[in-house]
Structure formats: C-alpha cells, structure tokens
Amino acid sequence: FVFTAAAFFFIGRAIDNIFDSVLFGFLLFSSLIAGAILHRLQTQRQETDDKEKDFIANASHELRTPITIIRGFAETLQDHPNLSSQTLSEIAGKIVHTRDRLENLIKSLLRLADIENSRVGKFQPVDLITLLEQSKHRLLASHPDVHLTFSNDSLCTRIVADPFLLELAFGNLLENAVKYSPT
C-alpha cells in the first residue's frame, strides 16, 4: 500500500509538472500573441496620428492661403485709398471670389467632420444627373469662367446612395478638375 501511495504521489506530481508546463507554454504563447496584437494596434495608432497631423497641416495651409490673399487686398485698399473705380471693382471681385473659396473650404471641413462623426450613411434613391447639375452650379458660382459640360451616355442615372456624400465627392472631383486641369 505504501508503494502504491508513493507511486500515485509521484504520478500526481508529474501530472502537476506537465500541467504547469502546458499552462506556462499557453501563457507564454498568449503573451506573444497579445504582444503582437498590441504592437499592431500601436502601429495603427501611430499611422492614424501621422495622417491626422498631415491633414491638419494641409488644412491649415489651405485656410491660410485665402486669408493671406484677402489680407493683401485689404492692405492694398488701406494703403491706396485713391484707387480707380475699375481697380476697386477688380479687387472687390477677387476678394469675393477668395471669400467664396474660403467658405467652400470651411464647409468641406465641416462636412468631413460630420462624416467622421456619423455612424450610418443615409442611403436613398438618388438621381446622378441632378446631383451633378447641383455640383456644377456650385462650381460655376465660385469659378464663373469655367466651361463645364456633362455627357450622359448611360441609361442608369438613378442609384441608391448617400446623396450628401455623393454630392461632396462630385464637388471635390470638380474642384480638383478646375484646380489641376490646364487652362
């Protein structure tokens, strides 16, 4: 009986050691997985922070440019109060045009903030031609010298989409087309 009890004792200790080894291995493996996941999350966070910094730098630059233009014209008007009416009219037109550009930029930033904060898009039937025409009219209001035509070769002009986001995308595409197309 003593031999059997001792054997069971040693077998029990061996099983405990095996269990401890398996548990240690599992904990070690889990720690490695957790470390890899944590590293990935930190990398993603850093990438997000970098993109946010780039966005803020670009937005600041885009906001400063029209403000600098308006300030320059305001200083010109202040320093030269006896400008001709034609020159005054040209300066006023440029200030209004720049103000419109600044206003559109601010609206775009606010829309972007709304998009970031919204959880679910509002999908509904949308007529693409109507949205394109609205985007065209907004573009022509800030760029009256631009000539823009649409060609509708498609039979499908109605889709289900978020009209706000789609109009924002069309507006951005048209603004970029004006900005980067040769004159």
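Each remark here, short or long, concerns the structure printed above.
**Quick notes on the overall build of the protein**
Link 1 in the chain: Counting its secondary structure elements, the protein contains 4 helices and 2 strands.
Link 2 in the chain: The secondary structure elements of the protein, listed N-terminal to C-terminal, are α-α-β-α-β-α.
Link 3 in the chain: Each of the 183 residues in the protein was classed as buried or not, and the buried ones make up 14%.
Link 4 in the chain: A separation threshold of at least 6 residues defines the contact pool for the protein, and within that pool the share at least 24 residues apart is 81%.
Link 5 in the chain: A total of about 14,400 Å² of accessible surface is found on the protein, and carbon and sulfur atoms cover 63% of it.

**Notes on the environment of His97**
Link 1 in the chain: Secondary-structure assignment places His97 in helix α2 (residues 85-117).
Link 2 in the chain: Under the relative-accessibility criterion, His97 is labelled partly exposed at 32%.
Link 3 in the chain: Linking His97 and Ser142, residues 45 residues apart in sequence, is a C-alpha distance of 6.2 Å.
Link 4 in the chain: When near neighbours in sequence (up to four residues on either side) are disregarded, His97 contacts Ser142 and His143.

**Remarks on the pattern of salt bridges**
Where charged atoms from two side chains of opposite charge come close, those side chains can pair.
Link 1 in the chain: Tallied over the full model, the rule gives 5 salt bridges.
Link 2 in the chain: Glu103 is paired through a salt bridge with Lys107; the nearest N and O atoms lie 3.6 Å apart. Placement of the pair is Glu103 and Lys107 together in helix α2, with a separation of 4 residues, close to one helical turn.

The rules behind the values
- Residues numbered from 1 in each chain as written.
- Predicted model: local features only at pLDDT ≥ 70, side-chain atom pairs only at ≥ 80, totals over all residues.
- Heavy atoms only, no water.
- Helix = DSSP H or I, 4+ residues; strand = E, 2+ residues; numbered from the N terminus.
- Buried < 20%, exposed > 50% of the residue type's maximum accessible area, 1.4 Å probe, protein only.
- Contact = heavy atoms within 4.5 Å.
- Areas by Shrake-Rupley, 256 points an atom, 1.4 Å probe, with all protein chains shown as cover.
- Salt bridge = Lys/Arg side-chain N within 4 Å of Asp/Glu carboxyl O.

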